[in-house]
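Next come the chains, spelled out residue by residue.
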Amino acid sequence: MATGAPGGPDEEDPVRGQRILDLLDKAIDLQSPLVRRNIARARQRNPDATPAQAIRGLERMYVSALTGTGAAVGGAAAAPGVGTGVALALSAGEALSSLELSALFALSLAEVHGVAVDELERRRTIVMGIMLGGSGSATITRVAERTGQHWGRQVVAKVPVETLRQINKVLGRNFVTKYGTKQGIIVLGRVAPFGIGAVIGGGANAALGALSVKAGRRAFGPAPESWAGPLARETA
């Protein structure tokens, strides 16, 4: 069977998959130190905001930034005089930006909910689980052999790191399949004629943002009634 034939092995798939996971780790590494600052931005109009109000602010900021980034790059990539190579390079850069925004959003939610994600494996689980939506939630609860609502609290905060590694192996494969395929379609759409590329880029990112917001609510459940830990001291 020929390499790359339908249903056959593709020798480049493992390499491409690892590149996607490396981008994810890079995004997590870059955004982890910025979580507190991101929460502060969500509260800047109302320093006395409750956790629930701050979360709504985080959701709005995330979807708006993600949509704007996709539309801007889609429009620029399809502008007259921009070659396909430059367009694809712009879209590749936007892929990292989207991952960074999603990582920052997911980790900020965990912080507001008081879930400790000081270990890389826990951060990976949070980010991939939220970005994968319902399938991520199902994978986490199945591999962890735990049931119940709000996996962000019940699983990530309590299961051993070794179990999280097993979870992340499965999430990683699903993430590569879903994210890699989706990005391929979006990248091709962004090099469409000017205007169409902006709509495709912005619309795709808006859909991704809405999915992550819904998944974040499912992962953590209702917001805490009051601030706790370091965030409580910042409100004092």
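Glancing now at the overall build of the chain. Regarding its fold elements, the chain presents ten helices and zero strands. Secondary structure elements of the chain occur, N-terminal to C-terminal, as α-α-α-α-α-α-α-α-α-α. Residue pairs in contact within the chain that sit at least 24 positions apart in sequence constitute 77% of those at least 6 positions apart. On the chain, roughly 11800 Å² of surface is accessible, and the fraction owed to carbon and sulfur atoms is 57%.

A few words now on the confidence of the model for the chain. Looking at the chain as a whole, its pLDDT mean stands at 76, while 71% of the residues score no less than 70. Mean pLDDT values over the elements of the chain span from 70, in helix H10 (residues 230-235), up to 93, in helix H5 (residues 120-131). Note that residues 71-93 has pLDDT below 50 and, in this model, 31 contacts with residues that lie over four places away or in other chains. Per-residue pLDDT stays below 50 along residues 184-201; that stretch engages in 32 contacts with residues further than four places along the chain or on separate chains.

To continue, consider the pattern of salt bridges. Inspection of every chain in the model, using the stated rule, returns six salt bridges. Of the charged contacts in the structure, one is a salt bridge between Asp25 and Arg124, with a shortest N-O distance of 2.7 Å. Of this pair, Asp25 sits in helix H1 (residues 13-31) while Arg124 is found in helix H5, placing the two residues 99 residues apart along the sequence. Here Arg122 makes a salt bridge to Glu119, at a shortest N to O gap of 2.8 Å. Taking relative accessible area as the criterion, Glu119 reaches 32% and is therefore assigned partly exposed.

Let us now look at the packing of aromatic side chains. Taken as a whole and assessed by the stated rule, the structure comprises one aromatic pair. Both rings, one in Tyr62 and one in Phe105, keep their centres 4.4 Å apart while their planes meet at 5 degrees; by these two values the pair is stacked. Highlighted residues: Tyr62 in helix H3 (residues 51-77) and Phe105 in helix H4 (residues 84-112), separated in sequence by 43 residues. According to the relative accessible area criterion, Tyr62 is buried, its value standing at 4%.

Mapping Val156 onto the fold places it in the loop between helix H7 (151-154) and helix H8 (161-190). With 46 residues separating them in the primary sequence, Val156 and Ala110 have C-alpha atoms 9.9 Å apart. With residues near it in sequence (within four places) discarded, Val156 still touches Val117, Arg122, Thr125, Ile126, Trp151 and Leu164.

Let us now look at the nonpolar core. Core analysis: the biggest nonpolar cluster contains 50 residues, and Ile126, Val127, Ile130, Trp151, Ile167, Phe175 and Phe220 have the highest contact counts within it. Breaking this core down by element, the ones donating at least two residues are H1, helix H2 (35-43), H3, H4, H5, helix H6 (134-144), H8 and helix H9 (196-220). At ten residues, the largest contribution of residues to this core is made by H4. Those residues in contact with Val127 that lie beyond four places of it in its chain are Leu24, Ile28, Ala103, Ala106 and Leu107.

This part is about the side chain of Ser137. Inspection of the secondary structure puts Ser137 in helix H6. For Ser137, a relative accessible area of 14% translates into the label buried. Here Ser137 is in contact with Gly129, Trp151 and Arg218, once residues within four sequence places are set aside.

Conventions adopted
Residues numbered from 1 in each chain as written. Predicted model: local features only at pLDDT ≥ 70, side-chain atom pairs only at ≥ 80, totals over all residues. Heavy atoms only, no water. Helix = DSSP H or I, 4+ residues; strand = E, 2+ residues; numbered from the N terminus. Contact = heavy atoms within 4.5 Å. Areas by Shrake-Rupley, 256 points an atom, 1.4 Å probe, with all protein chains shown as cover. pLDDT = per-residue confidence, 0-100. Salt bridge = Lys/Arg side-chain N within 4 Å of Asp/Glu carboxyl O. Buried < 20%, exposed > 50% of the residue type's maximum accessible area, 1.4 Å probe, protein only. Phe/Tyr/Trp six-rings, centres within 6.5 Å; stacked < 30°, edge-to-face > 60°. Core = buried A, V, L, I, M, F, W, Y, C linked by side-chain atoms within 4.5 Å.

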